[in-house]
Amino acid sequence: MDLDAFRELLTPRGQEALAAAAEAAGDGPVAAVTRLRRTYDAALTSAALTQAALRERAREKFGSDAAVMYFTPHGLEQATRREVADHRARRVPAGSRVADVCCGIGGDLLALARAGCVVEAVDADPLTAAVARANADALGLGDRVTVRAAEAATVDPSAFDVLFADPARRTARGRTFDPMAYSPPWPEVLGMVAKAPAACLKVAPGIPYEFIPAGAEAEWVSWRGDVKEAAIWCGGLAGDAERRATMLPSGVTLTPDPDAEPAPVGAIGRHLYEPDGAAVRAHLVAEVARQVGGRLLDERIAYITGDTGATTPWAARYEVHEMMPFSLKRLRAALRERGAGTVTVKKRGSAVDVERLRRDLRLSGGGSATVVLTRVGERPFALICSPA
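Attention here is on the structure that accompanies the text.

Rules used in this analysis
Residues numbered from 1 in each chain as written. Predicted model: local features only at pLDDT ≥ 70, side-chain atom pairs only at ≥ 80, totals over all residues. Heavy atoms only, no water. Helix = DSSP H or I, 4+ residues; strand = E, 2+ residues; numbered from the N terminus. Buried < 20%, exposed > 50% of the residue type's maximum accessible area, 1.4 Å probe, protein only. Contact = heavy atoms within 4.5 Å. Areas by Shrake-Rupley, 256 points an atom, 1.4 Å probe, with all protein chains shown as cover. Pairing = 2+ DSSP bridges. Axes fitted to C-alpha atoms, helices over the stretch in contact; angles between N-to-C directions. Salt bridge = Lys/Arg side-chain N within 4 Å of Asp/Glu carboxyl O. Core = buried A, V, L, I, M, F, W, Y, C linked by side-chain atoms within 4.5 Å.

Our focus in this paragraph is the overall build of the protein chain. Assigned secondary structure in the protein chain consists of 13 helices and 18 strands. Overall, the C-alpha framework of the protein chain stretches about 65 × 55 × 35 Å when taken along its three principal axes. Every one of the 388 residues in the protein chain was classed for burial, and the buried ones make up 50%. A fraction of 67% describes how many contacts in the protein chain between residues 6 or more apart in sequence connect residues 24 or more apart. Entry remark: accessible area of the protein chain is about 18,000 Å², with carbon and sulfur atoms responsible for 50%.

Think of a sheet as strands paired side by side through backbone hydrogen bonds, with each pair either parallel or antiparallel. The strand order across the open sheet built from nine strands is 3-2-1-4-7-9-8-10-11, with neighbouring strands paired in mixed fashion. Among the strands making up the open sheet, the edge pair consists of strand 3 (145–149) and strand 11 (252–254). Between one strand axis and the next, the sheet turns through 20° on average, direction left out of account. Pairing geometry for strand 1 (residues 97–100) and strand 2 (residues 118–123), over four bridges, is parallel. Bridging from a neighbouring strand, A99 pairs with E120 of strand 2. Sheet strands in contact with helix 6 (residues 82–89) are strand 4 (162–165), strand 7 (198–203), strand 8 (217–223), strand 9 (226–235) and strand 10 (243–248), and its direction is about 20° off that of strand 9.

Bridge count between strand 15 (residues 315–325) and strand 18 (residues 379–387): seven bridges; the pairing is antiparallel. Residue pairing for strand 18: E322 is matched across the bridge by I384. Note that strand 17 (residues 367–376) and strand 18 share seven bridges and pair antiparallel. Within strand 18, the position partnered with L373 by the bridge is A382. Remark: two residues form the turn of the hairpin made by strand 17 and strand 18, two consecutive strands paired antiparallel; G377 in that turn has positive phi of roughly 65°.

Another aspect to go through is the pairing of strand 15. Pairing of strand 12 (residues 271–275) with strand 15, which is carried by five bridges, proceeds in the antiparallel orientation. Following the sheet pairing, L272 is matched in strand 15 by Y318.

This part takes up the pattern of salt bridges. Counted according to the given criterion, the structure contains 28 salt bridges. D226 serves as the salt-bridge partner of K228, at 3.1 Å between the closest nitrogen and oxygen. For K228, a relative accessible area of 33% puts it in the partly exposed group. Given a relative accessible area of 41%, D226 falls into the partly exposed group. Each of R88, D108, D166, R169, K202 and E229 takes part in salt bridges that share partners, so that together they form one network.

Counting residues in hydrophobic clusters, the biggest one holds 56 residues, and the most contacted among them are F62, F71 and L109. A total of eight residues in this core trace back to one element, the largest contributor, which is helix 4 (residues 42–62). In this view, F71 contacts M1, Q51, L54, R55, A58, F62, A66, L76, I105 and V131; residues no more than four positions away in its chain are not counted. Judged by nonpolar contacts, the second largest core, of 48 residues, contains A99, V193, A199 and A315.

Have a look at this one:
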């Protein structure tokens, strides 16, 4: 979809085509195209059906708002889900003037506007900027938002209360995990941060620690156990902790305990704990181990074990039935003996191909089990467990 086709979607005729595309969504692609082409030209038909498909995909991230929003494929892929964006926006004082310098389709600027901020946004791609503008209008937030097509470097961060930056993490070759390959690149982003009274940087959860600026707070956020992203809070928005993990939707948060000793390492106990990914990314596994009175199986692997069952929101607990050096033949025999036909496989520190392992196990029983693949020292192990 090009910019002209998108602009036509915003016209009365374009809105009619969108409504028709939504009605034809269940007809199948060929039937849907045939149905719309009776009334609309090829460009408008394509644009309307593309939006209908993207809106359906976007429901998982944006809920009911997706039905009136606009998307691009890359924009939807990189957009923050609404609950995560709302969590982050609540940390910015209402009434703040915010510069969103890489706004994408507008997921974060919408959350900031809802939180009472006034947002001036730019995106280097004219189509993406037009989509962000249309989304603000569609959700009744246009009076708090301005959007223009421009490079991030054209914005003066010192003229705003808060800088928000979500550098693009996609190159011509696909997604990148190297901050130096972000757009704008990391040194340029930090140069803007230096001029801002306060800033929030949205980054990939795997960002290397050496890229986090001194004095900033890094927060890793998980949604129902899946780590979605990290936010780096700078200047006036940085808290007292240098690292933080937050779980959504509960909003429970965890920061380093200054009195915590390194987690002890010891043999397997009756229970195994799998820490939430946000705590792992934030290097807070020792704090989780302290909560459950546990120890690590290996000092480099984020699995905790203990002899008594404990409950914490920061870890899933499993009862350990058997631990063995990894061997396909031995594992298969142990699972068959337990009548396990359905297996959930988890791994940390293991090089085993999970999908191939599932095929090679060839199980047929009526029961179920959880298999945990890990490493202790240099030796691979398999644990047969059940959720507690």
